[in-house]
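Each chain is listed here by its residues.
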Amino acid sequence: MKKPIGIAFSLMGMLFVALLIPACAPTLGPKYVKPDKVQDNLGVVYIYRPTRFVGGGVSYDVKANGKTITTLYNGGYYPYFANPGELEISASTESTSSVTLDIKPAQSYFVKGWVGVGIFIGRPHLLIVETDVAEKEIVDCLLIPELKEGDKEKPKPVEEKK
């Protein structure tokens, strides 16, 4: 039988970890609002992760064509403005998940992320979702702040044809 002091230390340790995990995530912004219009020369990819208890403490970096653009947190979303053409969105922990989109100007796309069971840490999963389904799932997601300058890829302006 455990001693009362040992149990108390165990409970304090669990409480410390429970309080520490949310402190690792940044303060997220406002809830998702459907945009009126997408820029004419770029497409936008909404990368989102509905709030779930399972894997809730796991966050992971999301990359666009191999460059980190954001960290996807439980209950968060991030709008990524992309140049037209093929775009691979990927995420990794102990395994990698990726999807490929053919970006068209002034179009919106939705990529849903979630965490599955892993051996040591949750495994990221990404899925392209139809707009009507995604807009129902993303409504309670909060905006993930941009990474510090230099930490992510920004789309280059599209050169106008002469």
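Look up a bit, the structure's there.
All of the points below concern the structure found in this document. These numbers come from a predicted model, not from an experiment.

**Regarding the overall build of the chain**
- A count of helices and strands for the chain gives 2 helices and 9 strands.
- The order of helices and strands in the chain, counted from the N terminus, is α-β-β-β-β-β-β-β-β-α-β.
- Here the chain holds 162 residues, and the buried ones make up 33% of them.
- Within the chain, contacts between residues at least 6 apart in sequence are counted, and of these 68% link residues at least 24 apart.
- Carbon and sulfur atoms make up 60% of the accessible area of the chain, which totals about 10500 Å².

**Some details on the sheet that holds strand 9 (residues 142–143)**
- The sheet built from 5 strands is open, its strands ordered 8-7-1-4-9 with mixed pairing. This sheet does not close on itself; its edge strands, each paired only once, are strand 8 (123–129) and strand 9.
- Both strand 7 (residues 108–116) and strand 8 contribute to a ladder of 7 bridges, which runs antiparallel. Across the sheet, the residue bridging to Trp114 is His125, located in strand 8.

**Remarks on the environment of Ala106**
- One can find Ala106 in the loop between strand 6 (96–103) and strand 7.
- When the C-alpha atoms of Ala106 and Lys37 are compared, they prove to be 7.6 Å apart, with 69 residues separating the residues in sequence.
- The contact partners of Ala106, leaving out residues within four places of it in the chain, are Val38, Gln39, Asp40, Leu42 and Gly43.

**Observations regarding the pairing of strand 1 (residues 43–48)**
- Of all 6 residues that make up strand 1, 6 are buried, and the element is covered over most of its length.
- Alternating positions in strand 1 separate into two faces, Gly43, Val45 and Ile47 on one and Val44, Tyr46 and Tyr48 on the other, with burial throughout.
- Where strand 1 meets strand 7, 5 bridges bridge the pair, whose relative direction is parallel. Counted as the bridge partner of Ile47 is Val111 from strand 7.

**Details of the sheet that holds strand 5 (residues 85–92)**
- Pairing is antiparallel across the open sheet formed by 4 strands, whose spatial order is 3-2-5-6. Bordering the open sheet on either side are strand 3 (67–72) and strand 6, each of which pairs with just one other strand. Averaged over all pairs of adjacent strands, the angle between their axes in this sheet comes to 25°, without regard to strand direction.
- Summarising the sheet, strand 2 (residues 60–64) and strand 5 pair through 3 bridges and their orientation is antiparallel.

**Considerations on the pattern of salt bridges**
- Within this structure, the stated rule accounts for 5 salt bridges.
- For the salt bridge of Lys34 with Glu135, the shortest nitrogen-to-oxygen distance reads 3.8 Å. Of this pair, Lys34 sits in the loop between helix 1 (4–24) and strand 1 while Glu135 is found in helix 2 (residues 131–137), placing the two residues 101 residues apart along the sequence.
- For Glu135, a relative accessible area of 21% gives the class partly exposed.
- Put simply, Glu137 and Lys112 hold a salt bridge, and the shortest N to O gap is 3.0 Å. Separated by 25 residues along the polypeptide, Glu137 in helix 2 and Lys112 in strand 7 bring together distant segments of the chain.

**Some points on the packing of aromatic side chains**
- For the structure shown, the criterion picks out 4 aromatic pairs.
- Between Tyr32 and Tyr46, the aromatic rings sit 5.5 Å apart at their centres with planes inclined by 90°, giving edge-to-face as the arrangement. Separated by 14 residues along the polypeptide, Tyr32 in the loop between helix 1 and strand 1 and Tyr46 in strand 1 bring together distant segments of the chain.
- A residue is classified by how much of its surface remains accessible, and Tyr32, at 9% relative accessible area, is buried.
- Where Tyr46 meets Tyr77, the ring centres are 6.4 Å apart and the plane angle is 45°; that geometry is what we call tilted. Pair noted here: Tyr46 is in strand 1 and Tyr77 is in strand 4 (residues 76–82), with a separation of 31 residues, a long-range link. In terms of burial, Tyr46 and Tyr77 fall into one category: buried.
- Taken together, the ring pairs in this structure connect Tyr32, Tyr46, Tyr77 and Phe110 into an aromatic cluster.

Quick notes on the rules
- Residue positions are given per chain, counted from 1 along the sequence in the order it is written.
- Predicted model: local features are reported for residues with pLDDT of at least 70 only, side-chain atom pairs are reported and counted for 80 or more only, and whole-chain, interface and lining totals are derived from all residues.
- Excluded from the side-chain calculation are hydrogens and water; included are all heavy atoms of the structure.
- Per the convention used, a helix needs a DSSP run of H or I reaching at least four residues, while a strand needs a run of E reaching at least two, with both numbered from the N terminus.
- Think of it in three bands: with a 1.4 Å probe and only protein chains considered, a residue is buried below 20% of the maximum accessible area for its type, exposed above 50%, and partly exposed in between.
- By definition in these notes, contact holds between two residues if any of their heavy atoms fall within 4.5 Å.
- Surface accessibility in these figures is a Shrake-Rupley result with a 1.4 Å probe; residues are shielded only by whichever protein chains are displayed.
- The criterion for strand pairing is that DSSP finds at least two bridges linking the strands in question.
- Axis definition: a line fitted to C-alpha atoms, over the contacting stretch in the case of helices. Angles run 0 to 180 degrees between N-to-C directions.
- Any carboxyl oxygen of Asp or Glu within 4 Å of a side-chain nitrogen of Lys or Arg constitutes a salt bridge here.
- By convention, a stacked pair of Phe, Tyr or Trp rings (six-membered ring in the case of Trp) has centres within 6.5 Å and planes under 30 degrees apart, an edge-to-face pair has planes over 60 apart, and any other such pair is tilted.

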